[in-house]
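Here is how the chains run, residue by residue.
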Amino acid sequence: MPPLKGPVPAVAALVFGLLGCVIPLLPINLDQVRLYTPFPSAVAGLSLAIVGLVGRRRGKAVAVVGAILAVIALALGTIMVGNTVIDESTHTSAPAARGYETAIRTGPNSPVRTWPAATAVVGDASSR
């Protein structure tokens, strides 16, 4: 019998699966690419996990954990892309969503009227 091969693909699958789960959640500026970041590392992790599980290799348990993390990363990326598609399909007005102004539509064919958002200062010392 040939000797057992090393656990390198299993460990790499674990690392790529973990990166796919963690990188999209980091508080760094990834404005337009954040929702796509889990996919490359998840696909790489899943393929390396499959390589780590096939044949006579050590570290099959690590390969299974890497595969599970890669599937979680794929699910996370799918949820992030789905949420973006849903947000874009609702056509929410960006200024009204941020609270800069309030938009009210009074009828199906009427123009949109906007008013500045109300600002209230509670407990202002100058009003006493």
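Now for a quick tour of the structure. (Residues numbered from 1 in each chain as written. Predicted model: local features only at pLDDT ≥ 70, side-chain atom pairs only at ≥ 80, totals over all residues. Heavy atoms only, no water.)

Here we take up a nonpolar patch on the surface. Taken together, the side chains of V11, V15, F16, L18, L19, V22, I23, L26, I28 and V62 make up a nonpolar region of the molecular surface, amounting to roughly 730 Å² of accessible area. With six residues, helix α1 (residues 8-22) is the single largest residue contributor to the nonpolar patch. The topology assignment puts I28 in the loop between α1 and α2 (38-53). I28 gets classed as partly exposed once you look at its relative accessible area, which sits at 43%. (Patch = residues over 30% accessible without salt bridge, like charges linked within 9 Å, V, L, I, M, F, W, Y side chains within 5 Å. Areas by Shrake-Rupley, 256 points an atom, 1.4 Å probe, with all protein chains shown as cover. Salt bridge = Lys/Arg side-chain N within 4 Å of Asp/Glu carboxyl O. Helix = DSSP H or I, 4+ residues; strand = E, 2+ residues; numbered from the N terminus. Buried < 20%, exposed > 50% of the residue type's maximum accessible area, 1.4 Å probe, protein only.)

Relative to the assigned elements, L14 resides in helix α1. Residue L14 is classed as partly exposed on the basis of its relative accessible area, which comes to 29%. Sequence separation between L14 and G45 is 31 residues, and the spatial gap between their C-alpha atoms is 6.7 Å. Apart from the residues lying within four places of it in its own chain, the contact partners of L14 are V62, V65, G66 and L69. (Contact = heavy atoms within 4.5 Å.)

Moving on: the packing of α2 against helix α3 (residues 60-89). Running from amino to carboxyl end, α2 crosses α3 at an angle of 155°, the nearest separation of the two axes being 8 Å. If you check the angle between α2 and α3, you find them roughly antiparallel. Crossing hand, α2 versus α3: left-handed. Of the residues in α3, those in contact with P38, F39, A42, V43, G45, L46, A49, G52 and L53 of α2 are K60, A63, V64, G66, A67, A70, V71, A73, L74, G77, T78 and V81. Here the residues of the contact of α2 with α3 sort into 15 nonpolar, five polar and one charged. (Axes fitted to C-alpha atoms, helices over the stretch in contact; angles between N-to-C directions. Parallel < 35°, antiparallel > 145°, perpendicular 65-115°, else oblique. Left-handed = near helix turned anticlockwise from the far one by under 90°. Nonpolar A, V, L, I, M, F, W, Y, C, P; charged D, E, K, R; others polar.)

With that out of the way, let us pick up the side chain of S41. Residue position: S41 is located in helix α2. Side-chain polar atoms of S41 contact the backbone oxygen of P38, separated by 3.4 Å. (Polar contact = N/O pair within 3.5 Å; in protein donor to acceptor, adjacent residues only side chain to side chain.)

The subject of this paragraph is the packing of α1 against α2. Contact geometry of α1 with α2 gives a least axis separation of 7 Å together with a crossing angle of 155°. In this view, α1 runs roughly antiparallel relative to α2, as classed from their interaxial angle. Between α1 and α2 lies a crossing whose hand is left-handed. Every residue of α2 that contacts α1 at P9, A10, A12, A13, F16, G17, L19 and G20 is listed here: P38, S41, A44, G45, L48, A49, V51 and G52.

This paragraph deals with α1. Relative to the 21 Å expected for 15 residues at 1.5 Å per residue, α1 spans 21 Å between its end C-alpha atoms, a close match to the ideal helical length. For α1, the complete set of buried residues consists of P9, A10, A13, G17, G20 and C21. One face of α1 carries all of its buried residues, which in axial projection span an arc of 105°. Contacts made by the buried residues of α1 are with α2 and α3. (Expected span 1.5 Å × (residues − 1). Arc of directions from axis to C-beta.)

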